[in-house]
Amino acid sequence: MITIMLMAAALQPVAMASDFTEAELKHYFRVCDRNASELMLDDADGANCSVVYEELKRRVFNGDSRALLEWWRTDKQK
């Protein structure tokens, strides 16, 4: 229950992902990753996570999916 509430609170402002800092994008991406592995995301949460993923990939990794994947793998090991 707490995880669901945290995810809902964390993902509400995703519509403005273009205004997020790099740190915020990475934070929201981690929230999405963690919750997607523990819960079944509904359509709204899945859409929010997609927006975050695309914005993170575009802005932080210059559109490079492989670079994002490499960061994600390294980040998960921390």
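Computed from a predicted model, the values in this text were never measured in an experiment.

> Would you mind showing me how to read the packing of helix 3 (residues 43-60) against helix 4 (residues 65-76) here?
Angle between the axes and distance between the axes: these two values describe a pair of packed helices. The contact between helix 3 and helix 4 brings their axes to 9 Å, and the two run at 105°. The angle between helix 3 and helix 4 places the two elements in the roughly perpendicular class. On the side of helix 3, the interface is formed by Tyr53, Leu56 and Lys57, while helix 4 contributes Ser65, Leu68 and Trp71. For the contact of helix 3 with helix 4, a count of residues per class yields four nonpolar, one polar and one charged.

> Just checking my understanding: could you explain helix 4 for this structure?
An α-helix turns once per 3.6 residues; consequently, residues spaced three or four apart project the same way. In this model, helix 4 (twelve residues) spans 16 Å end to end at C-alpha, consistent with the 16 Å of a helix rising 1.5 Å per residue. As for helix 4, its buried residues are in contact with helix 2 (22-38) and helix 3. The backbone nitrogen of Arg66 has a side-chain oxygen 2.9 Å away, supplied by the residue at the start of helix 4, namely Asp64.

> Can you walk me through the nonpolar core in this structure?
One broad trend across soluble globular proteins is that nonpolar side chains are buried collectively. Ranked by size, the top nonpolar core spans ten residues in total: Ala17, Phe20, Leu25, Tyr28, Phe29, Val52, Leu56, Phe61, Leu68 and Trp71. In terms of residues, this core owes the most to one element, helix 2, which gives three residues. Leu68 has contacts with Phe29, Tyr53, Leu56, Lys57 and Phe61, leaving out every residue within four places of it along the chain.

> What is the right way to look at the pattern of salt bridges in this model?
For side chains of opposite charge, pairing can occur when their charged atoms come near one another. Applying the stated criterion to the full structure yields seven salt bridges. Through salt bridges that share partners, Glu55, Arg58 and Arg59 make up one connected network.

> I tried to follow the environment of Glu55 on my own but got confused; where do I start?
Assignment of secondary structure puts Glu55 in helix 3. When the C-alpha positions of Glu55 and Ala17 are compared, they lie 6.8 Å apart, and in sequence the two are 38 residues distant. In this structure, Glu55 is in contact with Ala17, Ser18, Leu25 and Val60, ignoring residues within four places of it in sequence.

> Would you mind showing me how to read the packing of helix 2 against helix 4 here?
Packing of helix 2 against helix 4 brings their axes to within 12 Å, and their N-to-C directions diverge by 70°. It follows that helix 2 is roughly perpendicular to helix 4 by the angle criterion. Seen from helix 2, the contacting residues are Lys26, Phe29, Arg30 and Asp33; seen from helix 4, they are Leu68, Trp71, Trp72, Asp75 and Lys76.

> Honestly, the confidence of the model for the protein in this entry has me stumped. Any pointers?
Reading fine detail from the predicted coordinates is not recommended where pLDDT is low. Here the protein averages 83 in pLDDT, while 81% of its residues score no lower than 70. When pLDDT is averaged over each element of the protein, helix 4 comes out on top at 96 and helix 1 (residues 2-11) at the bottom at 46. Every residue in residues 1-9 scores below 50 in pLDDT, and together they form ten contacts with partners more than four places removed in sequence or on other chains.

About the cut-offs
- Residues numbered from 1 in each chain as written.
- Predicted model: local features only at pLDDT ≥ 70, side-chain atom pairs only at ≥ 80, totals over all residues.
- Heavy atoms only, no water.
- Axes fitted to C-alpha atoms, helices over the stretch in contact; angles between N-to-C directions.
- Helix = DSSP H or I, 4+ residues; strand = E, 2+ residues; numbered from the N terminus.
- Parallel < 35°, antiparallel > 145°, perpendicular 65-115°, else oblique.
- Contact = heavy atoms within 4.5 Å.
- Nonpolar A, V, L, I, M, F, W, Y, C, P; charged D, E, K, R; others polar.
- Expected span 1.5 Å × (residues − 1).
- Polar contact = N/O pair within 3.5 Å; in protein donor to acceptor, adjacent residues only side chain to side chain.
- Core = buried A, V, L, I, M, F, W, Y, C linked by side-chain atoms within 4.5 Å.
- Buried < 20%, exposed > 50% of the residue type's maximum accessible area, 1.4 Å probe, protein only.
- Salt bridge = Lys/Arg side-chain N within 4 Å of Asp/Glu carboxyl O.
- pLDDT = per-residue confidence, 0-100.

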